[in-house]
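# Structure at a glance
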Amino acid sequence: MNEKLAIQGGPKAKTTPNYPMYPGGLEIGEEEKKQVMEVLDRKYLFRYYGPECHPSKVKEFENRFAQKVGSKYALAVNSCTSALISALVACGVGPGDEVIVNGYTFFASCASIVGAKAIPVIAEADETLTIDPDDIEKKITPSTKALLVVHMRGVPCDMDRIMAIAQKNNLKVIEDCAQALGGTYKGKYLGTIGDCGCYSFQYHKIITAGEGGMVVTNDERLYDRCMGYHDTAACWRPDRFAEQRYEGELFCGVNFRMSELTGAVLLAQFGKLDKLLSLMRRNQKRILDQIKDTKGIRVRPVNDAGGDVGICLMFYLDNKVKVQPFAEALKAEGVNAAGVFNSGIPDWHIYAHWKHVLEKKTPTSEGCPWTCPYHKGMPVEYSPDMNPNTLEYLSRVIHLDIPSQLTLEDCDMIAKGINKVAAVLA
Ligand SMILES: Cc1ncc(COP(=O)(O)O)c(C=O)c1O
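Thresholds, definitions, all that
Residues numbered from 1 in each chain as written. Predicted model: local features only at pLDDT ≥ 70, side-chain atom pairs only at ≥ 80, totals over all residues. Heavy atoms only, no water. Pairing = 2+ DSSP bridges. Helix = DSSP H or I, 4+ residues; strand = E, 2+ residues; numbered from the N terminus. Axes fitted to C-alpha atoms, helices over the stretch in contact; angles between N-to-C directions. Contact = heavy atoms within 4.5 Å. Expected span 1.5 Å × (residues − 1). Buried < 20%, exposed > 50% of the residue type's maximum accessible area, 1.4 Å probe, protein only. Arc of directions from axis to C-beta. Lys, Arg positive; Asp, Glu negative; His and termini not counted. Salt bridge = Lys/Arg side-chain N within 4 Å of Asp/Glu carboxyl O. Polar contact = N/O pair within 3.5 Å; in protein donor to acceptor, adjacent residues only side chain to side chain. Core = buried A, V, L, I, M, F, W, Y, C linked by side-chain atoms within 4.5 Å. Domains from an automatic or database assignment. Phe/Tyr/Trp six-rings, centres within 6.5 Å; stacked < 30°, edge-to-face > 60°. Buried area = accessible area lost by both parts, 1.4 Å probe. Left-handed = near helix turned anticlockwise from the far one by under 90°. Near = heavy atom within 4 Å. Areas by Shrake-Rupley, 256 points an atom, 1.4 Å probe, with all protein chains shown as cover. Nonpolar A, V, L, I, M, F, W, Y, C, P; charged D, E, K, R; others polar.

### Considering the sheet that holds strand S9 (residues 213–217)
- Ordered in space as S1-S9-S8-S5-S4-S2-S3, the seven strands form an open sheet in which the pairing is mixed. Among the strands making up the open sheet, the edge pair consists of strand S1 (73–77) and strand S3 (119–123). Here the average twist between neighbouring strands, direction ignored, is 20 degrees.
- The sheet strands contacting helix H6 (residues 159–169) are strand S4 (144–150) and strand S5 (172–176), and the helix crosses S5 at an angle near 150 degrees.

### Points about helix H1 (residues 30–42)
- The end-to-end C-alpha distance of H1 is 18 Å, a good match for the 18 Å that 13 residues give at a rise of 1.5 Å each.
- If you check which residues of H1 are buried, you get Glu32, Gln35, Val36 and Val39. Projected onto a plane normal to the axis of H1, the buried residues spread over an arc of 95 degrees and lie on a single side. With respect to the buried face of H1, the exposed residues turned more than 90 degrees away are Glu30, Lys33, Lys34 and Asp41.
- Those residues of H1 that are buried lie in contact with helix H2 (57–69) and helix H8 (260–270).

### As for the side chain of lysine 14
- With respect to the secondary-structure elements, lysine 14 resides in the segment before H1.
- As a buried residue without a salt bridge, lysine 14 has its nearest oppositely charged side chain in aspartate 410, at a separation of 4.3 Å.
- Within the local environment of lysine 14, its side chain forms a polar contact with the side chain of asparagine 18, the two groups lying 2.7 Å apart.
- Filtering out sequence-adjacent residues up to four positions away, lysine 14 remains in contact with Glu333, Gly334, Val335, Asp410, Met413 and Ile414.

### Regarding the nonpolar core
- Among the nonpolar cores identified, the biggest contains 102 residues, and Phe65 and Phe201 are the most heavily contacted of them.
- Broken down by element, the residue count for this core peaks at eight residues, all from helix H3 (residues 80–90).
- Counting only domains with at least three residues in this core, you end up with domain 1 (6–24 + 273–343 + 390–425) and domain 2 (30–272).
- Aside from chain neighbours lying at most four places away, what touches phenylalanine 65 is Leu181, Tyr199, Phe201, Met214, Val216 and Phe270.
- Residues Ala329, Cys411, Ala415 and Val421 belong to the second largest nonpolar core, which totals 24 residues.

### Structural notes on the packing of aromatic side chains
- Overall, the coordinates contain 17 aromatic pairs when judged by the stated rule.
- On the numbers, 4.8 Å between centres and 70 degrees between planes, the contact of phenylalanine 65 with tyrosine 199 is edge-to-face. Here phenylalanine 65, found in helix H2, pairs with tyrosine 199, found in strand S8 (residues 196–200); they are 134 residues apart in sequence, far enough to count as distant.
- Note on phenylalanine 65: relative accessible area 0%, which makes it buried.
- For tyrosine 199, a relative accessible area of 0% translates into the label buried.
- Consider the rings of phenylalanine 65 and phenylalanine 270, whose centres lie 5.4 Å apart with planes at 25 degrees: the pair is stacked.

### Topic: the domain arrangement of the protein chain
- Partitioning the protein chain into domains gives domain 1 (6–24 + 273–343 + 390–425) and domain 2 (30–272).
- If you average the C-alpha positions of domain 1 and of domain 2, the two centres end up 30 Å apart.
- Across the boundary between the two partners, domain 1 contributes 32 residues, which contact 37 residues of domain 2.
- Interface of domain 1 and domain 2: buried area, both sides summed, is about 2,700 Å²; carbon and sulfur atoms make up 57% of it.
- Broken down residue by residue, the surface that domain 1 buries against domain 2 is led by Leu273, Asn303 and Thr390, which jointly contribute 26%.
- Scanning the region where domain 1 abuts domain 2 turns up three salt bridges.
- Taken together, the elements giving at least two residues each to the side of domain 1 that touches domain 2 come down to helix H9 (273–291), strand S11 (312–316), helix H12 (388–395) and strand S13 (397–401).

### What about the packing of H2 against H8?
- H8 packs onto H2 with a crossing angle of 35 degrees between their chain directions and a minimal axis gap of 8 Å. As H2 runs across H8, the sense of the crossing is left-handed. Along the contact surface, H2 presents Lys57, Val58, Glu60, Phe61, Arg64, Phe65 and Lys68, while H8 presents Glu260, Gly263, Ala264, Leu266, Leu267 and Phe270.

### A short note on the site of the ligand
- Around the ligand, 15 residues are found, and the nearest of them are Cys80, Thr81, Asp176, Ser200 and Lys205.
- The backbone of cysteine 80 places a nitrogen or oxygen atom 2.8 Å from an oxygen atom of the ligand.
- Glutamine 179 is positioned such that a nitrogen or oxygen atom in its side chain is 2.8 Å from an oxygen atom of the ligand.
- In isolation the ligand has 400 Å² of accessible area, and contact with the protein removes 91% of it.
- Secondary structure elements with two or more residues in the shell around the ligand: H3 and helix H4 (107–115).
- Along the lines of polarity and charge, the residues of the shell around the ligand split into five nonpolar, eight polar and two charged.

### Some points on the pattern of salt bridges
- Tallying each qualifying case throughout the model produces 30 salt bridges.
- Residue lysine 272 pairs with glutamate 32 through a salt bridge whose shortest N-O separation is 2.9 Å. You can see lysine 272 sitting in the loop between H8 and H9 and its partner glutamate 32 sitting in helix H1, a full 240 residues away along the chain.
- Judged by its relative accessible area of 2%, glutamate 32 falls in the buried class.
- In this structure, the salt-bridge partner of glutamate 333 is lysine 420, at a minimum N-O distance of 2.9 Å.

This is how it looks when you write it as structure tokens:
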């Protein structure tokens, strides 16, 4: 006999409060205050100079970050969008180029391609909800210059296939790790497998300073070009006004620099990363172990399960019509869960809702990058139903955040809620 669901008047499976998903943000405390006060006391707020010389917090953060993920270079910037644009520009992406990106990602991944003056080509996700390598192969044209692959909702893309495709077709690979800091693929940190890796420290991310980003690379030229793009004042150069040291070094950049205040907060937050990751992974495993064999649900497969950062849990139902009642029943049980795709509710993580891209909206009327005269071949076209597999997967999936603050008791109650609802509604 199934237990009576809370939505039908039965007892709730989860009786403890839910936490919002700000893993690092909720842990801001004395360490962050101490770091920030040091910056203020020294009046050293700009990484390159101040009234007195001091070691830069941003530089220290870059050094620690590069050492942790095992990349030769790390450049801190003011957002992941800035990091992605800098990486694309550094890789030589520009007018006339196409860049292939996953249709399930925050819109910023796609917008960064337009920001680099190139044309986004939107590919299918596979059942892991990361980019489908088979569809990448179908979408490559002579204009394709790079792949922007997103380790979406904390799990690695199929990097072996992606790197093989890139090598065969002479493409650059930029990894968007905004949601996957600390994740790995076959023992390597995400962000260090392609040409550049980009990270976000926006408030919703694992560690945060409200805003912030990072680019990592092992290639000195790419690092130099990211530096050149991120600091139009060229403060980073050994001699700001010197001749270029190699052809292509000097060009007009923008200002994506990270402030010392941000660097200070992130230094303190970075010290908490391993603990946050181990708590989220512990919590995710605790729930997964109790639902992995539950009838009627299929847990999202992962390319390398050991590399998942554990920010969430996603599982499929066999029919999209079951998703809304299932999510509502879970909410009534006290479990914070939701369906992902509903064509009626706009969500900028799903390409079908990227109206500005689908309609090729631009701030000026000439319509670049889509009308760029340097673009050769067939025009890139979009429609809301062009990636049916992505929409089919997303329409059947249920998503739960896994805050690091959950206790094991919370996790057991969440698993109980899922099992209770699945027994009746899956
Ligand atoms: C996958 C992905 N890429 C890029 C971004 C953009 O990050 P930022 O807000 O730091 O520019 C986000 C932010 O939510 C994201 O989730």
